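Secondary and tertiary structure notes
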Amino acid sequence: MGWRGTLRAIEASSRRAARDAERRDKLRRKEAELEDAENAVTAFRDYLTQITTLHIADPATIDWHALATATEPKEPRKTSHHEDQARSKLETYTPTFLTRILKLEKRRRISLQDAIEAAVEQDKKDFAELSERYEQAHTMWKDNKDIAEKLLAGDATAFIDAIRTANRFEQISDIGTRIEVRVTDDRGIYFDLNVMSKEVVPSEKYTLLQSGRLSTREMPKGEFFELYKDYVCSCLLRVAIEAFATIPIKSVVVTAVDEMINPKNGLLEKQALISAFIPKETLDKLNLENVDPSDAMQNFLHNMNFKKTKGFEPVNALEHPSPCF
C-alpha cells in the first residue's frame with residue numbers, strides 16, 4: 001500500500017471512530033433522557049401521595065395535666081467541691097526526698113495555693129452555669145404551668161396562645177395552606193383552612209410513554225377534582241389531629257376554604273368547600289393509615305357538595321353543636 005492508500009485508510013478509520021463516538025454519545029443522551037423522565041414521573045407520584053396523605057400523622061400529645069402539676073425545679077446551692085479538693089491536696093502534701101534535695105518544696109506549696117484560688121473561681125463558674133440553667137428551667141416550668149392551668153380552666157385566650165406557640169402545622173403550611181383559629185364565647189373552637197388549590201394541586205399529569213419518554217398533558221377534569229377533594233379532606237383531618245394533640249379539647253370544627261367564583265356576581269371569593277364537626281373520640285377510632293380521606297368524612301357531621309364533573313360547590317360552615325372544652 002502506497003502513501004495515498006495509507007492516507008485513505010487513516011481517513012476512513014477516523015470517520016468510523018467519529019461515527020462510533022457519535023452513536024455512543026447519542027445513546028448516552030437517550031439513556032439520560034429516559035432516566036430523567038422516570039425520575040420526573042416518580043417525583044410527580046410522590047408529590048401526589050404527599051398531598052393526599054397529610055392525615056397520616058402521629059404527633060406527640062401535650063400532657064397539660066402533667067404540666068399543670070409538675071414539680072417546681074429546685075434552686076441550685078453553692079458548693080465548694082473544687083476548692084475542697086484543692087485544699088485537701090495542700091493540707092496533705094508531703095514533699096519527697098528529691099523535692100527537699102532540689103529545694104522545690106516552697107515552689108510546690110505556692111503552686112498548690114494558686115490551685116486553691118483557681119478552684120474557687122471554678123466553683124463560682126459552675127454555680128453561675130447551674131443558676132442560668134435553673135432560671136431557664138424555672139421560666140419554662142412557670143410558663144407551662146400558667147398556660148396549662150388556664151387551658152384546663154377553659155380560658156379561651158390560652159387555647160389560641162397554645163396553638164400558636166406549639167406551631168404544629170408546619171408541614172401543611174409548607175405546601176401552601178394557611179390556617180386561622182378562633183374561639184367563641186360558647187366554647188367552640190374553629191379552624192379555617194385556606195387550601196389555595198392553584199398553588200398545590202397540579203393541573204398537568206406526567207406519565208411514561210411505551211418508549212420510556214416523558215408525556216405531559218392536562219390532567220382530566222374528573223381526576224383533578226378527585227385529587228383536589230382528597231387533598232382538601234386530608235388537610236382537614238390533619239388539622240383536627242394536630243389540634244387534639246396540642247390542646248385539651250373534645251371536638252373541633254374545621255372548615256376548608258378556597259377561592260371560587262361566586263355565581264351571583266362572577267367574582268373570585270373565598271368560600272367554604274367542606275366544613276366538618278370532628279369529635280376526638282370518633283377520630284381516635286379510625287385507622288388513618290388505611291382510610292381514604294374523602295370517604296373518612298362520612299364518619300363526621302359535615303357539609304360538602306361535590307360533583308365529579310364540577311368539583312366543589314360552596315357550602316355553609318358548620319357551628320359547634322356542643323361545647324368543645
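Look a little higher up for the structure.
Residues numbered from 1 in each chain as written. Predicted model: local features only at pLDDT ≥ 70, side-chain atom pairs only at ≥ 80, totals over all residues. Heavy atoms only, no water.

For the rest of this paragraph, the subject is the overall build of the protein chain. Looking only at helices and strands, one finds 10 helices and 8 strands in the protein chain. The C-alpha radius of gyration of the protein chain comes to 35 Å, more than 25% above the 20 Å expected for a compact globule of 325 residues. Seen through its C-alpha atoms, the protein chain measures out along the principal axes to roughly 100 × 95 × 35 Å. Within the protein chain, the proportion of its 325 residues that are buried is 35%. As displayed, the protein chain offers around 20,600 Å² of accessible surface, 50% of which is attributable to carbon and sulfur atoms. The distance from the centre of the 49 positive side-chain charges to the centre of the 54 negative ones in the protein chain is 8 Å. (Helix = DSSP H or I, 4+ residues; strand = E, 2+ residues; numbered from the N terminus. Rg over C-alpha atoms; globule rule 2.2 N^0.38 Å. Buried < 20%, exposed > 50% of the residue type's maximum accessible area, 1.4 Å probe, protein only. Areas by Shrake-Rupley, 256 points an atom, 1.4 Å probe, with all protein chains shown as cover. Lys, Arg positive; Asp, Glu negative; His and termini not counted. Charge placed at Lys NZ, Arg CZ, Asp CG, Glu CD.)

Time to look at the packing of aromatic side chains. Throughout the structure, instances matching the rule amount to 7 aromatic pairs. When the centroid spacing of 5.2 Å and the interplanar angle of 65° are considered together, the rings of phenylalanine 44 and tyrosine 206 count as edge-to-face. Within this pair, whereas phenylalanine 44 is found in helix H1 (residues 3–52), its partner tyrosine 206 is found in strand E3 (residues 204–208), the two being separated by 162 residues in sequence. Note on phenylalanine 44: relative accessible area 11%, which makes it buried. An aromatic cluster is built from Phe224, Phe225, Tyr228, Phe306 and Phe312, whose rings are joined through pairwise contacts. One Lys or Arg, arginine 182, reaches over the ring of tyrosine 190 and ends 4.4 Å from the middle of that ring. (Phe/Tyr/Trp six-rings, centres within 6.5 Å; stacked < 30°, edge-to-face > 60°. Lys NZ or Arg CZ within 6 Å of the ring centre and 35° of its normal.)

Moving on, we come to a negative patch on the surface. A cluster of acidic residues, Glu31, Glu35, Asp36 and Glu38, forms a negative patch at the surface. Among the structural elements, glutamate 38 can be located in helix H1. When its relative accessible area of 48% is taken as the criterion, glutamate 38 is described as partly exposed. (Patch = residues over 30% accessible without salt bridge, like charges linked within 9 Å, V, L, I, M, F, W, Y side chains within 5 Å. Salt bridge = Lys/Arg side-chain N within 4 Å of Asp/Glu carboxyl O.)

Let us now look at the packing of helix H3 (residues 81–91) against helix H5 (residues 105–152). H5 packs onto H3 with a crossing angle of 170° between their chain directions and a minimal axis gap of 7 Å. By the angle between their axes, H3 is roughly antiparallel relative to H5. Mapping the contact onto sequence places His81, His82, Glu83, Ala86, Arg87, Lys89 and Leu90 in H3 and Arg109, Leu112, Gln113, Ala115, Ile116, Ala119, Val120, Gln122, Asp123 and Asp126 in H5. Along the lines of polarity and charge, the residues of the contact of H3 with H5 split into 7 nonpolar, 4 polar and 6 charged. (Axes fitted to C-alpha atoms, helices over the stretch in contact; angles between N-to-C directions. Parallel < 35°, antiparallel > 145°, perpendicular 65-115°, else oblique. Contact = heavy atoms within 4.5 Å. Nonpolar A, V, L, I, M, F, W, Y, C, P; charged D, E, K, R; others polar.)

Further remarks concern the layout of surface pockets. Its volume calculated, the largest pocket comes out at about 590 Å³. Lining the largest pocket are 27 residues, with Ser197, Tyr228, Asp258, Glu259 and Met260 sitting closest to its centre. No other element matches the 5 residues that strand E5 (residues 251–262) contributes to the lining of the largest pocket. Residue composition of the lining of the largest pocket, by class: 14 nonpolar, 4 polar and 9 charged. Lining the second largest pocket we find Ala57, Asp58, Pro59, Thr61, Ile241, Phe244, Ala245, Lys280, Leu283, Asp284, Leu286 and Leu288. Listing elements by their share of the lining of the second largest pocket, those giving two or more residues are helix H9 (221–246) and helix H10 (280–284). (1 Å grid on protein atoms, 1.4 Å probe; cavity = no way out; pocket = protein on both sides within 12 Å on 5 of 7 lines; lining within 4 Å. Points joined across faces, edges and corners; volume = space filled by probe spheres on them.)

It is worth spelling out a nonpolar patch on the surface at this point. Taken together, the side chains of Phe97, Leu98, Ile101, Leu102 and Leu104 present a nonpolar region at the surface, about 520 Å² in accessible area. By relative accessible area, leucine 102 is classed as partly exposed at 49%.

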